[in-house]
Amino acid sequence: MRLLALELIFSLLDVRGHIPRFDDFRPAPVAPAPASAARALAAAIAVLVVLSLAIWAAVRLAAHLF
């Protein structure tokens, strides 16, 4: 189940599943596109949400056990 969720996150972020070769790299644009900044912000928010939920679940479980 966890692997499926990780694959879903990677597919939503459009992360490729292989290591790029040297000829796969394209020259970077001078100014980053606004869409890439929004995608990076969305990825950071998704990571923070997942970490927050994991910490919340761990504390909830620990409080429930004691």
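Residues numbered from 1 in each chain as written. Predicted model: local features only at pLDDT ≥ 70, side-chain atom pairs only at ≥ 80, totals over all residues. Heavy atoms only, no water.

**Q** Looking at this structure, how should I read the overall build of the protein?
**A** Per the secondary structure count, the protein includes two helices and zero strands. For the protein, the proportion of its 66 residues judged to be buried stands at 0%. Split by element, the accessible area of the protein, about 6500 Å² in all, is 75% carbon and sulfur. (Helix = DSSP H or I, 4+ residues; strand = E, 2+ residues; numbered from the N terminus. Buried < 20%, exposed > 50% of the residue type's maximum accessible area, 1.4 Å probe, protein only. Areas by Shrake-Rupley, 256 points an atom, 1.4 Å probe, with all protein chains shown as cover.)

**Q** What's the story with the environment of Ala46 in this structure? I'm lost.
**A** Here Ala46 shows up in helix H2 (residues 34-65). Taking the relative accessible area as the measure of exposure, Ala46 reaches 32% and is therefore partly exposed. With 37 residues separating them along the chain, Ala46 and Ile9 place their C-alpha atoms 8.6 Å apart.

**Q** When you look at the UniProt feature "transmembrane region" (unreviewed entry) in the protein in this model, what are you seeing that I'm missing?
**A** Here the UniProt-annotated "transmembrane region" (unreviewed entry) positions come out as residues 41-63. Taken end to end, residues 41-63 is 100% helix and 0% strand, and its first and last C-alpha atoms sit 33 Å apart. (UniProt positions renumbered as here; feature names shortened; annotations may be inferred.)

**Q** What's the story with a nonpolar patch on the surface in this structure? I'm lost.
**A** A surface patch of nonpolar side chains, about 530 Å² in accessible area, is lined by Leu41, Ile45, Val49, Leu53 and Trp56. Examined against the element boundaries, Leu53 turns out to sit in helix H2. (Patch = residues over 30% accessible without salt bridge, like charges linked within 9 Å, V, L, I, M, F, W, Y side chains within 5 Å. Salt bridge = Lys/Arg side-chain N within 4 Å of Asp/Glu carboxyl O.)

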